[in-house]
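Observations on chain architecture
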Amino acid sequence: MAAQSRKRSRPAPKRRPGGNPQKAHRPAPRATPATARDWIGAARLRTLPLAITPVLVGTGAATLVDDQLHWVIALACLAVAFALQIGVNYANDYSDGIRGTDDVRVGPGRLTGGKKAKPRTVLIVALAFFALAAVIGLALVIRTGQWWLIAVGAASIVAAWFYTGGKRPYGYNALGEVFVFVFFGLVATLGTTWLQVQSLPQEAWFGAVAAGLLACAVLLANNLRDIDQDRLAGKRTLSVLIGRRATQVLFTLFVLAPFAIAAFLALVYPIAWLTLIALLGGLSAILIVWTYRAPRELIVALQVTSFTSVAYGAVLFWAFAA
């Protein structure tokens, strides 16, 4: 009986964990502090051409009203566009990081999501760029006397923050493309023209629509790349809402429509036909979007579309200013 009692009280053997036991006991790797390269990468410089395009188009349209090139104002507008673009990129890094959206990245790593920098530090850098945009914008207002543009500038900064920030960011509710079209297309282009000549010729409106559509195409390529990750994270981008195939169709339309606008403008400004050279880049991006096998391939489509945009803007500037 004693032997049976001892046999019954014997503890069951522990089950060995499956897989490689060395990996099972290996501690999670610690995130390394962000380097200067990480900070530059978080600024997402590949998106900066989108800030150049509306300034080129808007300045070219301004020359149709006044032959004199207001280059100081144009460069200040470019500085504002750069500061806002970088500011919104850092703000997205912060907001997506603290929400956990960037816990699994397909594209380049992030500062907040990758635990490479404190969220507060990333937030301070984002706010610093917004403040820089505000200061330069205020200088432009003082220089031109267009005081009502302070409200437009404030709206731009607020919209940049609530893209992914706040309790109900509109970038999480399929409205990101609307923001990009309005502020990186219409506001940036028309604002550049107005600050220089206090007039808005119809060419500025055509160019603003084209710049906005190309900027939306870049955002679509980005969201198509992250569609699976965003769906799991509960981020309802337009791509998540309409699906992969509809996103590919919409991307194609967003890339081609600006060149239809350029063809129409070429009837009066023949140099605009040279935008067909930039179309080669756009067609390459469309091909990648339709044939990609791995999400990382869409990073190339994003870059190509960005440079297609700035080439398009440069040709329109030449067509208007010639």
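Now for a look at the structure at hand. (Residues numbered from 1 in each chain as written. Predicted model: local features only at pLDDT ≥ 70, side-chain atom pairs only at ≥ 80, totals over all residues. Heavy atoms only, no water.)

Helices and strands together make up the secondary structure of the protein, namely 14 helices and zero strands. Listed N to C, the secondary structure of the protein is α-α-α-α-α-α-α-α-α-α-α-α-α-α in terms of helices and strands. The buried share among the 322 residues of the protein stands at 48%. Considering only intrachain contacts with a sequence separation of at least 6, the fraction spanning at least 24 residues in the protein is 75%. Total accessible area on the protein stands at roughly 16,500 Å², and carbon and sulfur atoms take up 67% of it. (Helix = DSSP H or I, 4+ residues; strand = E, 2+ residues; numbered from the N terminus. Buried < 20%, exposed > 50% of the residue type's maximum accessible area, 1.4 Å probe, protein only. Contact = heavy atoms within 4.5 Å. Areas by Shrake-Rupley, 256 points an atom, 1.4 Å probe, with all protein chains shown as cover.)

The next point concerns helix H5 (residues 71-99). Taking 1.5 Å of rise per residue, 29 residues should cover 42 Å, and H5 covers 42 Å from first to last C-alpha, within 8% of that figure. Where burial is concerned, most of H5 is hidden: 22 out of the 29 residues are buried. Count one or two residues on from H5 and you reach glycine 100, which has phi positive near 90°. (Expected span 1.5 Å × (residues − 1).)

Taken together, the side chains of Leu256, Leu274, Ile277, Leu280, Leu283 and Trp318 define a hydrophobic patch exposed on the protein surface, amounting to about 580 Å² of accessible area. Of all the elements, helix H13 (residues 275-291) adds the most residues to the nonpolar patch, at three residues. (Patch = residues over 30% accessible without salt bridge, like charges linked within 9 Å, V, L, I, M, F, W, Y side chains within 5 Å. Salt bridge = Lys/Arg side-chain N within 4 Å of Asp/Glu carboxyl O.)

The biggest cluster of nonpolar side chains holds 79 residues, and the ones touching the most others in it are Tyr90, Phe179, Phe251 and Tyr312. With residues up to four places along the chain from it excluded, the contact list for tyrosine 312 reads Ala210, Leu214, Pro258, Phe259, Ile261, Ala262, Thr275 and Ala278. (Core = buried A, V, L, I, M, F, W, Y, C linked by side-chain atoms within 4.5 Å.)

All right, on to the packing of helix H9 (residues 202-225) against helix H12 (residues 244-265) then. At a closest axis distance of 9 Å, the pairing of H9 and H12 adopts a crossing angle of 155°. Relative to H12, the element H9 lies roughly antiparallel. Seen from above, H9 lies across H12 with left-handed handedness. Contacts between H9 and H12 involve Glu203, Phe206, Val209, Ala210, Leu213, Leu214, Cys216, Ala217, Leu220, Ala221 and Leu224 on the former and, on the latter, Arg244, Thr247, Gln248, Leu250, Phe251, Phe254, Val255, Ala257, Pro258, Ile261, Phe264 and Leu265. (Axes fitted to C-alpha atoms, helices over the stretch in contact; angles between N-to-C directions. Parallel < 35°, antiparallel > 145°, perpendicular 65-115°, else oblique. Left-handed = near helix turned anticlockwise from the far one by under 90°.)

Here the focus is the pattern of salt bridges. All told, the structure shown has five salt bridges when counted by the stated rule. Residue arginine 225 pairs with aspartate 226 through a salt bridge whose shortest N-O separation is 3.0 Å. In this pair, the class of arginine 225 matches that of aspartate 226, namely buried. With a shortest N-O distance of 3.5 Å, aspartate 228 and arginine 244 are connected by a salt bridge. Of this pair, aspartate 228 sits in helix H10 (residues 227-233) while arginine 244 sits in helix H12, and the two are 16 residues apart along the sequence.

No statement about biological role is implied by the geometric values presented.
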